[in-house]
Amino acid sequence: MNSNWFKLVMKANRVRYGKHLTLKGVPVIFNKKGATLQIGEGVTIKSSFLSNLVGLYSRTIIVTRTPDAEIVIGDRVGMSGVTIYARRSIRIGDNTLIGGNTKILDNDFHPLDAEARNRDDKDLIGTRPVVIGKNCFIGCNALILKGTVLGEGCVVGAGAVVSGTFEDHCVIAGNPARVVRRLEAGRNA
């Protein structure tokens, strides 16, 4: 089921999106006042249980949580049941595919210090930008943590827990994720 009516909700919520946005099911997309949430052209967002047979646990959730947060999703990006949650910055390059149930987070959600956590001091939540290059493929159930930088053409294995900086054209897998193979640019894996 295409959810084109939801595009009206997105416009009311100050979400900018390009032509040919395809929504399968109803995502959860929230843009905090003052924040930037931009979705490129030809993007496909799948949010219904049967829209991806890998088995989605939830709808796609895309949230800017602070007034100065930004999420920028490039052109022709595809995602299924993905959570993208920014307190600072998440950028996803063109032609990137993000597998079912993947989580991309630029923050710790809570302060690490117990006293700050008990006070619910949101100013002490650790954040670092996430940058995902063009032409990447992220396998299902991956977890992309704050501060991660994926170069162009990277492949992230299913279930990987990714943190750190990775050069162009490498395959990353495991927990913690590490480079397991290098790819030649423009060649099949």
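Being a predicted model, the structure only gives us computed values, none of them experimental.

*Asks:* How should the pairing of strand β9 (residues 83-86) be read in this particular structure?
*Replies:* Looking down a regular strand, the side chains alternate between one sheet face and the other. Along β9, one buried face is formed by Thr-83 and Tyr-85 and the opposite face, lined by Ile-84 and Ala-86, is buried too. Across three bridges, β9 lies against strand β12 (residues 103-105) in parallel orientation. The partner of Thr-83 across the bridge, within β12, is Lys-103.

*Asks:* Can you help me understand the pattern of salt bridges in this one?
*Replies:* Pairs may arise between side chains of opposite charge once their charged atoms sit close together. All told, the structure shown has six salt bridges when counted by the stated rule. A salt bridge links Asp-75 to Arg-76; the shortest N-O distance between them is 4.0 Å. Take Asp-75: its relative accessible area is 23%, and that puts it in the partly exposed class. Asp-108 is the partner of Lys-146 in a salt bridge, and the nearest nitrogen-oxygen pair spans 2.7 Å. Of this pair, Lys-146 sits in the loop between β15 (143-144) and β16 (149-150) while Asp-108 sits in the loop between β12 and α2 (114-119), and the two are 38 residues apart along the sequence.

*Asks:* Hey, could you run me through the sheet that holds strand β3 (residues 28-31) in this one?
*Replies:* Sheet strands pair via backbone hydrogen bonds, and the direction of the pair is either parallel or antiparallel. Strand order in the open sheet made by the six strands is β3-β6-β9-β12-β15-β18, with parallel pairing throughout. Edge strands, defined here as strands with exactly one partner in the open sheet, are β3 and β18 (161-162). As paired strands, β15 and β18 are joined by two bridges and run parallel to one another. In the strand pairing of β18, Leu-143 is matched with Val-161.

*Asks:* Just to check I follow, could you spell out the packing of aromatic side chains for this structure?
*Replies:* The description of two aromatic rings rests on the distance between their centres and on the angle between their planes. Per the stated rule, a full pass over the model turns up one aromatic pair. Consider the rings of Tyr-85 and Phe-109, whose centres lie 4.4 Å apart with planes at 20°: the pair is stacked. Remark: Phe-109 occurs in the loop between β12 and α2 and Tyr-85 occurs in strand β9; sequence separation between them is 24 residues. Residue Phe-109 is classed as partly exposed on the basis of its relative accessible area, which comes to 34%.

*Asks:* Is there a simple way to explain the side chain of Thr-148 in this structure?
*Replies:* On the secondary structure map, Thr-148 appears in the loop between β15 and β16. Residues in contact with Thr-148, not counting those within four places in the same chain, are Pro-129, Val-130, Val-131, Val-162, Ser-163 and Gly-164.

Cut-offs and rules
- Residues numbered from 1 in each chain as written.
- Predicted model: local features only at pLDDT ≥ 70, side-chain atom pairs only at ≥ 80, totals over all residues.
- Heavy atoms only, no water.
- Buried < 20%, exposed > 50% of the residue type's maximum accessible area, 1.4 Å probe, protein only.
- Helix = DSSP H or I, 4+ residues; strand = E, 2+ residues; numbered from the N terminus.
- Pairing = 2+ DSSP bridges.
- Salt bridge = Lys/Arg side-chain N within 4 Å of Asp/Glu carboxyl O.
- Phe/Tyr/Trp six-rings, centres within 6.5 Å; stacked < 30°, edge-to-face > 60°.
- Contact = heavy atoms within 4.5 Å.

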